[in-house]
Amino acid sequence: WITRDVVDDGYIRDSGYFTSPFADVLPPESARVSFTRFSPARRDVGTKRRVAVLLPCTGDQTEWYRAGIARELLADGIECVVPTIAYYGDRKPPAQSAHVLRTVADAKIQLSVTPVEMMLLARLMHADVVKNAKDASACDVDWVFAGISLGGTMSALAASALAASRADVGGDVGVCC
């Protein structure tokens, strides 16, 4: 579900995807959740992992803007995940114009499915971390969900839902919006 793309300038860029738990109610184009992960190429043994999930602001159809933020955070050793939310980017239905949702129902679906998809993303990524860990400290992961505007709303919903679920994602969960 994750493929290694590039190792460049001290970081690793991976692409990944998983099937949305709401695939049956989403347009076919939105059924697959895609994301890009930017990781430091080197991690000191015994260092707790810090992961920022960067959700899009209103109209942010691609990863370009958030990839720039990710590169800045990588300089501080923070791994970043840039997901594509339902009805955006490669998950946009063909009849939809840019990021403008066609109905109120589409907006409610987008706001409802995104936090759950981000919870699943954190769980899947933590399971991948545990599976590939070279030492126990590598399994400790602190998460922050970040975004502004639309991304801020979704970040707050995802972080609070994940914290309330008490899911084991390896560490603390926070929000920055």
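Relevant structure appears above.
Residues numbered from 1 in each chain as written. Predicted model: local features only at pLDDT ≥ 70, side-chain atom pairs only at ≥ 80, totals over all residues. Heavy atoms only, no water.

Draft legend 1. Representation of the pattern of salt bridges in the model. Evaluated as defined, the whole model comprises eight salt bridges. With a closest N to O distance of 3.0 Å, Arg-37 and Asp-14 form a salt bridge. Remark: Asp-14 occurs in strand E2 (residues 11-19) and Arg-37 occurs in strand E3 (residues 32-40); sequence separation between them is 23 residues. A salt bridge links Asp-128 to Arg-37; its shortest N-O distance comes to 3.9 Å. (Salt bridge = Lys/Arg side-chain N within 4 Å of Asp/Glu carboxyl O. Helix = DSSP H or I, 4+ residues; strand = E, 2+ residues; numbered from the N terminus.)

Draft legend 2. Representation of the packing of aromatic side chains. This model, assessed by the stated rule, comprises two aromatic pairs. On the basis of an interplanar angle of 55° and a centroid distance of 6.0 Å, the ring pair of Tyr-11 and Phe-38 is categorised as tilted. With Tyr-11 in strand E2 and Phe-38 in strand E3, this residue pair connects regions lying 27 residues apart in the sequence. Taking relative accessible area as the criterion, Tyr-11 reaches 11% and is therefore assigned buried. Here the aromatic rings of Phe-18 and Phe-35 are separated by 6.4 Å at their centres, their planes lie at 50°, and the arrangement is tilted. Of this pair, Phe-18 sits in strand E2 while Phe-35 sits in strand E3, and the two are 17 residues apart along the sequence. Exposure remark for Phe-18: the relative accessible area of 6% places this residue in the buried category. Taking the relative accessible area as the measure of exposure, Phe-35 reaches 3% and is therefore buried. Positioned above the aromatic ring of Tyr-17 is the side chain of Arg-32, whose terminal nitrogen or guanidinium carbon lies 3.5 Å from the ring centre. (Phe/Tyr/Trp six-rings, centres within 6.5 Å; stacked < 30°, edge-to-face > 60°. Buried < 20%, exposed > 50% of the residue type's maximum accessible area, 1.4 Å probe, protein only. Lys NZ or Arg CZ within 6 Å of the ring centre and 35° of its normal.)

Draft legend 3. Main features of the pairing of strand E4 (residues 49-54). In terms of residue burial, E4 counts as a mostly covered element, since five of its six residues are buried. Here E4 pairs with strand E6 (residues 141-146) via six bridges, running parallel. Bridging across to E6, Ala-52 finds its partner in Val-144. Strand direction decides the pairing type here: E4 and strand E5 (residues 79-83), joined by three bridges, are parallel. Along E5, the bridge assignment pairs Ala-52 with Cys-80. (Pairing = 2+ DSSP bridges.)

Draft legend 4. A look at helix H3 (residues 150-165). Here H3 contains 16 residues, and its C-alpha end-to-end distance of 22 Å stays within 8% of the 22 Å for a straight helix at 1.5 Å per residue. Looking at the residues trailing H3, positive phi occurs at Arg-166, about 60°. (Expected span 1.5 Å × (residues − 1).)

Draft legend 5. Highlighting the pairing of E6. Judged from the four bridges that link them, E6 and strand E7 (residues 173-176) form a sheet pairing that is parallel. Across the sheet, the residue bridging to Phe-145 is Val-175, located in E7. In this fold, the crossover linking E6 to E7 by way of H3 has right-handed handedness. (Right-handed = clockwise from strand over helix to strand, strands pointing away.)

Draft legend 6. Structural view of the environment of Arg-123. Mapping Arg-123 onto the fold places it in helix H2 (residues 104-132). Sequence-wise, Arg-123 and Ile-69 are 54 residues apart; in three dimensions their C-alpha atoms are separated by 23 Å. Contact partners of Arg-123, with chain neighbours within four places excluded, come to Ser-165, Ala-167 and Val-169. Of note is the side chain of Arg-123, whose polar atom sits 3.5 Å from the side chain of Ser-165. (Contact = heavy atoms within 4.5 Å. Polar contact = N/O pair within 3.5 Å; in protein donor to acceptor, adjacent residues only side chain to side chain.)

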